[in-house]
Amino acid sequence: MMKNNVLIVVDMQVGVLAMPRYDREGKAALINQLIDAADVVIFIQHAEGEMGVGGDLWQIIPELHQPAHAHYVTKTACDAFWNTTLDALLQRLGINAFTVCGCATDYCLDTTIKVGASKGYAITVAADAHTTADRTYASAQQLIGQHNEVWAGLSLPGNPVTTILSAWSSPL
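No experiment lies behind these values; they were computed from the predicted model shown.

Calculation notes
Residues numbered from 1 in each chain as written. Predicted model: local features only at pLDDT ≥ 70, side-chain atom pairs only at ≥ 80, totals over all residues. Heavy atoms only, no water. 1 Å grid on protein atoms, 1.4 Å probe; cavity = no way out; pocket = protein on both sides within 12 Å on 5 of 7 lines; lining within 4 Å. Points joined across faces, edges and corners; volume = space filled by probe spheres on them. Nonpolar A, V, L, I, M, F, W, Y, C, P; charged D, E, K, R; others polar. Pairing = 2+ DSSP bridges. Helix = DSSP H or I, 4+ residues; strand = E, 2+ residues; numbered from the N terminus. Axes fitted to C-alpha atoms, helices over the stretch in contact; angles between N-to-C directions. Contact = heavy atoms within 4.5 Å. Buried < 20%, exposed > 50% of the residue type's maximum accessible area, 1.4 Å probe, protein only. Core = buried A, V, L, I, M, F, W, Y, C linked by side-chain atoms within 4.5 Å. Disulfide = S-S within 2.5 Å. Expected span 1.5 Å × (residues − 1).

Asker: Kindly report on the layout of surface pockets, identifying the contributing residues and their values.
Answerer: The calculated volume of the largest pocket comes to roughly 160 Å³. Taken together, 13 residues make up the lining of the largest pocket; nearest its centre are Asp11, Arg21, Ala104, Tyr107 and Cys108. Classifying every residue of the lining of the largest pocket gives 8 nonpolar, 1 polar and 4 charged.

Written as structure tokens, this is what we have:
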């Protein structure tokens, strides 16, 4: 089966979104559109401290759709590839390209995108379907826009990261 629309949803968990995140409801709605359009969905779940595997805070937020065929990968660092089963899962499924969305723009999404691209994966960022919190020196909206700009401009000859609006529309 050709897996044209592969979606990786990073850290959209109860514990991660317990702190205020920019436009949680809007981002969840966009992510649900992406989930519903995807052939393969992989949820990345961060496990650390009070967000222990299987605990309430570790769970995917209830407003997100979780297809019966979804895959789940647990991570313990900002990088969804570091000491996880993600690379092996993608290889087993024959996936070399995916779209990514989720939280937090400036931590786990940023690290996962850069590491994945350097591993040779063709990565598309759903530019309007990721979120973060306001930080000391920048607002969440500024961080989202800045990271979209950085990802679109990464210098990876032969494997550029693409940024698009949700639902696999045209590049920004």
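Asker: I'd like a rundown of the sheet that holds strand 6 (residues 162-164), residues and numbers included.
Answerer: Strand order in the open sheet formed by 6 strands is 3-2-1-4-5-6, with parallel pairing between adjacent strands. The sheet is open, and its two edges are formed by strand 3 (71-75) and strand 6, each paired on a single side. Neighbour-to-neighbour, the strand axes of the sheet open up by a mean angle of 25°, direction not taken into account. Relative to strand 2 (residues 40-46), strand 1 (residues 6-10) is paired through 5 bridges, and the arrangement is parallel. Considered in strand 2, the bridge of valine 10 is made with isoleucine 44. Helix 3 (residues 105-118) rests against strand 1, strand 3, strand 4 (97-103) and strand 5 (122-131) of the sheet, and its axis sits at about 170° to strand 5. Against the sheet, helix 4 (residues 140-152) makes contact with strand 5 and strand 6, and its axis sits at roughly 170° relative to strand 5, the strand it touches most.

Asker: Lay out the environment of phenylalanine 81 with the relevant residues and their values.
Answerer: Mapping phenylalanine 81 onto the fold places it in the loop between strand 3 and helix 2 (86-92). By relative accessible area, phenylalanine 81 is classed as buried at 7%. Between the alpha carbons of phenylalanine 81 and isoleucine 44 there is a distance of 9.9 Å; along the sequence they are 37 residues apart. Not counting residues within four places of it along the chain, the set of residues in contact with phenylalanine 81 comprises Leu86, Asp87, Leu90, Phe98, Thr112, Val115, Gly116, Lys119 and Tyr121.

Asker: Break down the nonpolar core for me, citing the residues and quoting the values.
Answerer: Residues Ile42, Leu86 and Phe98 are the most contacted members of the largest nonpolar core, which totals 25 residues. For this core, the secondary structure elements donating two or more residues are strand 1, strand 2, helix 2, strand 4, helix 3 and strand 5. At 4 residues, helix 3 tops the list of elements feeding residues into this core. The residues touching isoleucine 42, leaving out its near neighbours within four places in the chain, are Leu7, Ile8, Val9, His71, Val73, Leu86, Leu89 and Leu90. Grouped together as the second largest cluster of nonpolar side chains are 23 residues, Leu7, Val9, Ile61 and Cys101 included.

Asker: How would you sum up the state of the cysteines? Please name residues and give values.
Answerer: All told, the structure shown has 0 disulfides when counted by the stated rule. There is no disulfide at cysteine 108, and the cysteine sulfur nearest it, in cysteine 78, is 4.0 Å away. On the basis of relative accessibility, which here comes to 8%, the residue cysteine 108 falls in the buried class.

Asker: I'd like a description of helix 3, backed by residues and values.
Answerer: Counted at 1.5 Å a residue, the expected span for helix 3 with its 14 residues is 20 Å, and the 18 Å between its end C-alpha atoms agrees. Buried within helix 3 we find Thr105, Asp106, Cys108, Leu109, Asp110, Thr112, Ile113, Gly116 and Ala117. Taken together, the buried residues of helix 3 touch strand 1, strand 3, strand 4, strand 5 and helix 4.

So yeah, pure geometry; function would need other evidence.
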